[in-house]
Amino acid sequence: MDIAVVTWGDAYIDTIDINYEDACELQPLTRVTVGFLIESNDTALILCTDHYESDGQWFHSPMVIPAGMILNIRIIPE
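Nothing here was measured: the structure is a model prediction, and the numbers come from that model. Positions within a chain are numbered from 1, following the residues in the order the chain's sequence is written. Owing to the predicted nature of the model, reporting of local features is limited to residues with pLDDT of at least 70; listing and counting of side-chain atom pairs is limited to 80 or more, with chain, interface and lining totals taken over all residues. Derived side-chain values reflect all non-hydrogen atoms in the structure, with water molecules and hydrogen atoms excluded from consideration.

**Observations regarding the overall build of the chain**
Next, step 1: Helix and strand counts for the chain come out as one helix and seven strands.
Next, step 2: When the backbone C-alpha atoms are referred to their principal axes, the chain occupies close to 55 × 20 × 20 Å.
Next, step 3: Buried, partly exposed and exposed residues are distinguished by accessible area as a fraction of the type maximum, computed with a 1.4 Å probe on protein chains only: under 20%, between the cut-offs, and over 50%, respectively. Split into buried and exposed, the 78 residues of the chain put 17% on the buried side.
Next, step 4: Computed by Shrake-Rupley with a 1.4 Å probe, the accessible areas treat only the displayed protein chains as cover when residues are assessed. Of the roughly 5900 Å² that the chain leaves accessible, carbon and sulfur atoms contribute 55%. Runs of H or I in DSSP of at least four residues are treated as helices and runs of E of at least two as strands, each being numbered from the N terminus.

**A word on the sheet that holds strand S3 (residues 44-48)**
Next, step 1: In this analysis, strands are considered paired if DSSP registers two or more bridges between them. Strand order in the open sheet formed by five strands is S6-S3-S2-S1-S7, and the pairing between neighbours is antiparallel. Strands at the two margins of the open sheet, each flanked by one partner only, are strand S6 (63-66) and strand S7 (70-76). Looking at each pair of strands side by side, their axes are set apart by 40° on average, direction ignored.
Next, step 2: Inspection of the sheet shows strand S2 (residues 29-40) paired to S3 by four bridges, in the antiparallel sense. Paired with Phe36 across the strands is Cys48, a residue of S3. Orientation is described by lines fitted to C-alpha atoms, with helices fitted over the stretch in contact, and by angles between N-to-C directions that extend from 0 to 180 degrees.

**Observations regarding the pattern of salt bridges**
Next, step 1: The term salt bridge refers to a side-chain nitrogen of Lys or Arg lying within 4 Å of a carboxyl oxygen of Asp or Glu. Under the criterion given, the structure shown has one salt bridge.
Next, step 2: Asp10 serves as the salt-bridge partner of Arg31, at 2.5 Å between the closest nitrogen and oxygen. Taken together, the residues span a long stretch of sequence, with Arg31 in strand S2 and Asp10 in strand S1 (residues 3-10) at a distance of 21 residues.
Next, step 3: What makes Asp10 buried here is its relative accessible area of 16%.

**Concerning the side chain of Asp10**
Next, step 1: There is a polar contact of 2.5 Å between the side chain of Asp10 and the side chain of Arg31.
Next, step 2: Contacts between residues were defined by any pair of non-hydrogen atoms, one from each residue, lying within 4.5 Å. Beyond its immediate stretch of four places on either side in the chain, Asp10 contacts Pro28, Leu29, Arg31 and Met69. Pairs of N or O atoms within 3.5 Å make up the polar contacts considered here, provided that, within protein, one atom can donate a hydrogen while the other can accept it, and that residues adjacent in sequence are counted only when both atoms are side-chain atoms.

**Re a nonpolar patch on the surface**
Next, step 1: A cluster of nonpolar side chains, Tyr12, Ile16, Ile18, Leu26 and Leu29, forms an exposed patch at the surface whose accessible area comes to about 470 Å².
Next, step 2: By the element assignment, Ile18 lies in the loop between S1 and helix H1 (20-24).
Next, step 3: For Ile18, a relative accessible area of 41% translates into the label partly exposed. Patch membership requires more than 30% relative accessible area and the absence of a salt bridge. Residues of like charge join within 9 Å; the nonpolar side chains Val, Leu, Ile, Met, Phe, Trp and Tyr join within 5 Å.

**A short note on unusual backbone geometry**
Next, step 1: A positive phi angle is found at Ser61, which is not glycine, with a value near 55°.
Next, step 2: Within the secondary structure layout, Ser61 lies in the loop between strand S5 (59-60) and S6.
Next, step 3: Look at Ser61 and you get partly exposed, because its relative accessible area is 31%.

Shown next as structure tokens:
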């Protein structure tokens, strides 16, 4: 099963007071996430952190990254 290293722009929230000019400068948070590549299609990329080798159908900690948020994908072949 391939491993994917995904760089993507994520939404975030903070609980601070901020002026208008500084608020206009905010950008999405850039994350790099690594996981087992389960599926990739036009709408999303699906990763998991764990794969149970004893039963190839079970995975743990699924993560869905919307396609429009993905900046880069590097695939590490199995």
